[in-house]
Amino acid sequence: MSMNNQGRPTTPEETAATASSTFTGNKALQIEEALSFEIGDVERTGVDLPEPNGAPDRLGGLNRNGIGLPGLTEPETMRHFVRLSQKNYAIDMGPFPLGSCTMKHNPRLNEKVARMPGFGDLHPLAPESAAQGALEVIDRLAYWLTELTGMPAVAMSPKAGAHGELCGMVAIKSALEARGDVDKRTRVLAPESAHGTNPATAVQCGFKVDSIPADDTGRVDLAAMKEKLGDDVAGIMVTNPNTCGLFERDIREIADAVHEAGGYFYCDGANFNAIAGKVKPGDLGVDAMHINLHKTFSTPHGGGGPGAGPTVLSEALAPFAPVPFVVREGDKYKLIETRRAAKAEDGEAAQSFGRLTAFHGQMGMFTRALSYMMSHGVDGVKQAAEDAVLNANYVLTRLKAEMSPAFDGYCMHEALFDDSFLKDTGVETIDFAKAMIDEGYHPMTMYFPLVVHGAMLIEPTESESKRELDLFCDALLSLAKRAKSGDEVDAFKAAPVYAPRRRLDETAAARKPVLRWTPAS
Ligand SMILES: *Cc1c(COP(=O)(O)O)cnc(C)c1O
């Protein structure tokens, strides 16, 4: 197998069987399911509709005919979607050890609140007078986000972490523009261990990305960072705790140095779960930070669900915050929807950089996040952070016996391993991960961060019990022992054997996705 310099396979392993060996293709009670286009036809339907009664056609010849949508009977339709749903691994089925994700239990209370008709059924164009409760939720959540982060302002509308990064970086660009500095300051610094969205966002905003090396403890190399500062630097993007699962100990010094050089500090707040209630990013010199509500404040993502990335802003960036935002006037809430409205009614918001998205953000995430905060309380949010760090260190300590931690010392909310424990065994990170699937575990984050060879990044979150963690650790320890025994390389290369699909060409799937169904001719 050929590998790139992070130890990631560039071509798929040749494996014998890609299809199941049963007659039906089913694996025990896991039923194969074809596309509805393959199994349905235009002759079948699950509903009985009366023949049209001859009402005049008012479509002026624009009616659609014969587009061949597949029909299925009602039981076939139910089975189709239920079978598909069973192919989707979920946090309600088992642990999701993905690092840099905070896949945690989502208390059912939050689901109940999000589905309350007053929130769930409210149309985003409902008049303000009919949406006072929803606006109050946005306002209260905004209050708690600024309180927890120690920041003066928050933009609620960004719809994911990456979208929040865009919000923060556009605010930085606007601030530079207002200062007359935007043409000169074209460089953004980002550590090597940065999540891919950080450099992508900077580039999208027209900046050049300059990568800062990590030191041998897995943190930003402070001296190397200072070397790179200059009057062409717009700012720095740092994740804290970082994607090696480590707290950036020099964060205050990093912030001060960047500020002194005239730049801004964007903090990627995706890992806020590890420090919420313990550290206020405002005290660390942060100018902008997104909060992934779907990570830190529940709502399991990864199943295609929506996200929300409210972005807190410092005094320096707050004037450039996007519209719309909620303001309180007496006992009424109102939305400032346009820059012009802001100018007329709220002098300080006239510099807003404009609108990022339709409507006001992800209401369903807002209700869940506020429900999570209110039910946990300040002490509960703090305890969640402490338990997340405790659980990660428990996993780190137990797995150390057979696996190789990437760095010495304690971790924060996630434990990072490299592939040195697999050295000379013939088993690679990818084989190890595929073997985990056979054991009933979703693999951890693999081959990220890039600063570690063959990385395996495990984030257990606070919501896993000791029993679950022990089972998980036992399974991984047994796999590590088997890998090191040297006689099971073929078994690892063939894994997964019990999954509906075997090894797939994941690179081709990502690079050349087949998104269009074409009928077999
Ligand atoms: C998840 C994550 C992001 C991006 O957040 P999305 O909501 O997926 O867009 C950015 N940085 C880090 C470190 C992350 O873990």
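A closer look at the overall build of the protein
Part 1 of the argument: When its secondary structure is counted, the protein shows 16 helices and 13 strands.
Part 2 of the argument: Relative to the globule expectation of 24 Å for 521 residues, the C-alpha radius of gyration of the protein, 26 Å, shows essentially globular dimensions.
Part 3 of the argument: The buried share of the protein, reckoned over its 521 residues, is 49%.
Part 4 of the argument: In the protein, once contacts between residues fewer than 6 apart in sequence are set aside, the share between residues at least 24 apart is 71%.
Part 5 of the argument: As displayed, the protein has an accessible area near 25700 Å², and 54% of this comes from carbon and sulfur atoms.
Part 6 of the argument: Computed over 53 positive and 70 negative side-chain charges, the separation of the two mean positions in the protein equals 2 Å.

Looking at the pairing of strand E9 (residues 332-336)
Part 1 of the argument: Among the five residues that make up E9, four are buried, leaving the element largely enclosed by the rest of the structure.
Part 2 of the argument: As defined by bridge partners, strand E8 (residues 325-329) adjoins E9 across five bridges and the pair is classed as antiparallel. Bridge pairing links Phe 325 to Ile 336 in E9.
Part 3 of the argument: Hairpin remark: E8 followed by E9, antiparallel, with two residues in the connecting loop; positive phi at Gly 330, about 65°.

With respect to the site of the ligand
Part 1 of the argument: Close to the ligand lie 14 residues, the nearest being Ser 100, Gly 161, Asp 268, His 294 and Lys 295.
Part 2 of the argument: Residue His 294 places a side-chain N or O atom 2.7 Å away from an oxygen atom belonging to the ligand.
Part 3 of the argument: Here an oxygen atom of the ligand and a side-chain polar atom of Lys 295 are 2.8 Å apart.
Part 4 of the argument: For the ligand, whose unbound accessible area comes to 380 Å², protein coverage reaches 86%.
Part 5 of the argument: A per-element tally of the shell around the ligand places helix H6 (residues 161-178) first, with three residues.
Part 6 of the argument: For the shell around the ligand, the class distribution of residues is three nonpolar, eight polar and three charged.

A short note on the nonpolar core
Part 1 of the argument: Counting residues in hydrophobic clusters, the biggest one holds 54 residues, and the most contacted among them are Leu 141, Leu 145, Met 225, Ile 236, Leu 293 and Phe 297.
Part 2 of the argument: When residues of this core are assigned to their parent elements, the largest contribution, nine residues, is made by helix H12 (residues 363-399).
Part 3 of the argument: With residues near it in sequence (within four places) discarded, Leu 141 still touches Met 156, Leu 293, Phe 366, Ala 369, Leu 370 and Met 373.
Part 4 of the argument: With 29 residues, the next largest nonpolar core counts Leu 396, Leu 399, Ala 483 and Ala 495 among its residues.

Comments concerning the sheet that holds strand E13 (residues 456-458)
Part 1 of the argument: Taken together, four strands build an open sheet; the order of strands is E10-E11-E13-E12 and the sheet is antiparallel. A single partner strand is all that each edge strand has here, and the edge strands are strand E10 (404-405) and strand E12 (445-446).

A closer look at the packing of H6 against helix H7 (residues 197-204)
Part 1 of the argument: It is at 9 Å that the axes of H6 and H7 come closest, and there the two elements cross at 45°. Judged by the angle between their axes, H6 and H7 are oblique. The interaxial crossing formed by H6 with H7 has right-handed handedness. From H6, Ala 162, Glu 165, Leu 166 and Met 169 reach across to H7, where they touch Thr 197, Asn 198, Thr 201 and Gln 204.
Part 2 of the argument: The class makeup of the residues in the contact of H6 with H7 is three nonpolar, four polar and one charged.

Conventions used here
- Per-chain numbering applies: the sequence of each chain, read as written, is numbered from 1 onward.
- The model is predicted, so local features are restricted to residues of pLDDT at least 70 and side-chain atom pairs to those at 80 or more, both for listing and for counting; the totals for chains, interfaces and linings are taken over all residues.
- Each side-chain value is worked out from all heavy atoms of the structure, with water and hydrogens disregarded.
- Numbering of helices and strands runs from the N terminus, with a helix taken as a DSSP run of H or I at least four residues long and a strand as a DSSP run of E at least two residues long.
- Here the radius of gyration uses the C-alpha set of atoms, whereas the globule reference equals 2.2 Å times the residue count to the power 0.38.
- For each residue, the accessible area found with a 1.4 Å probe, counting protein chains only, is set against the maximum for its type, and the residue is called buried under 20%, exposed over 50%, and partly exposed in between.
- Working rule for contacts: check all heavy atoms of both residues, and any pair within 4.5 Å makes them a contact.
- Here, Shrake-Rupley sampling with a 1.4 Å probe gives the accessible areas, and only protein chains in the shown set may cover a residue.
- Neither His nor the chain termini are counted; the positive set is Lys and Arg, and the negative set is Asp and Glu.
- Where a charge lies is defined by one atom per residue type: Lys uses NZ, Arg uses CZ, Asp uses CG and Glu uses CD.
- A pair of strands counts as paired when DSSP detects no fewer than two bridges linking them.
- We call a residue near a molecule or strand whenever a single non-hydrogen atom of that residue lies within 4 Å of it.
- By the criterion applied in these results, polar contacts are pairs of N or O atoms within 3.5 Å in which, for protein atoms, one can donate a hydrogen and the other can accept it, and in which residues neighboring in sequence qualify only through two side-chain atoms.
- Under the scheme applied here, ten amino acids are nonpolar (Ala, Val, Leu, Ile, Met, Phe, Trp, Tyr, Cys and Pro), four are charged (Asp, Glu, Lys and Arg), and all others, including Gly, are polar.
- Nonpolar cores were defined as sets of buried Ala, Val, Leu, Ile, Met, Phe, Trp, Tyr and Cys residues, with membership established by side-chain atoms within 4.5 Å.
- Whenever a helix is involved, its axis is fitted only over the stretch in contact; in every case the axis is a line through C-alpha atoms, and angles between N-to-C directions fall within 0 to 180 degrees.
- Orientation labels follow simple angle bins: below 35 degrees gives roughly parallel, above 145 gives roughly antiparallel, 65 to 115 gives roughly perpendicular, and whatever is left gives oblique.
- Put simply, a crossing is left-handed when the front helix is turned counterclockwise from the back one by less than a right angle, and right-handed when it is turned clockwise.

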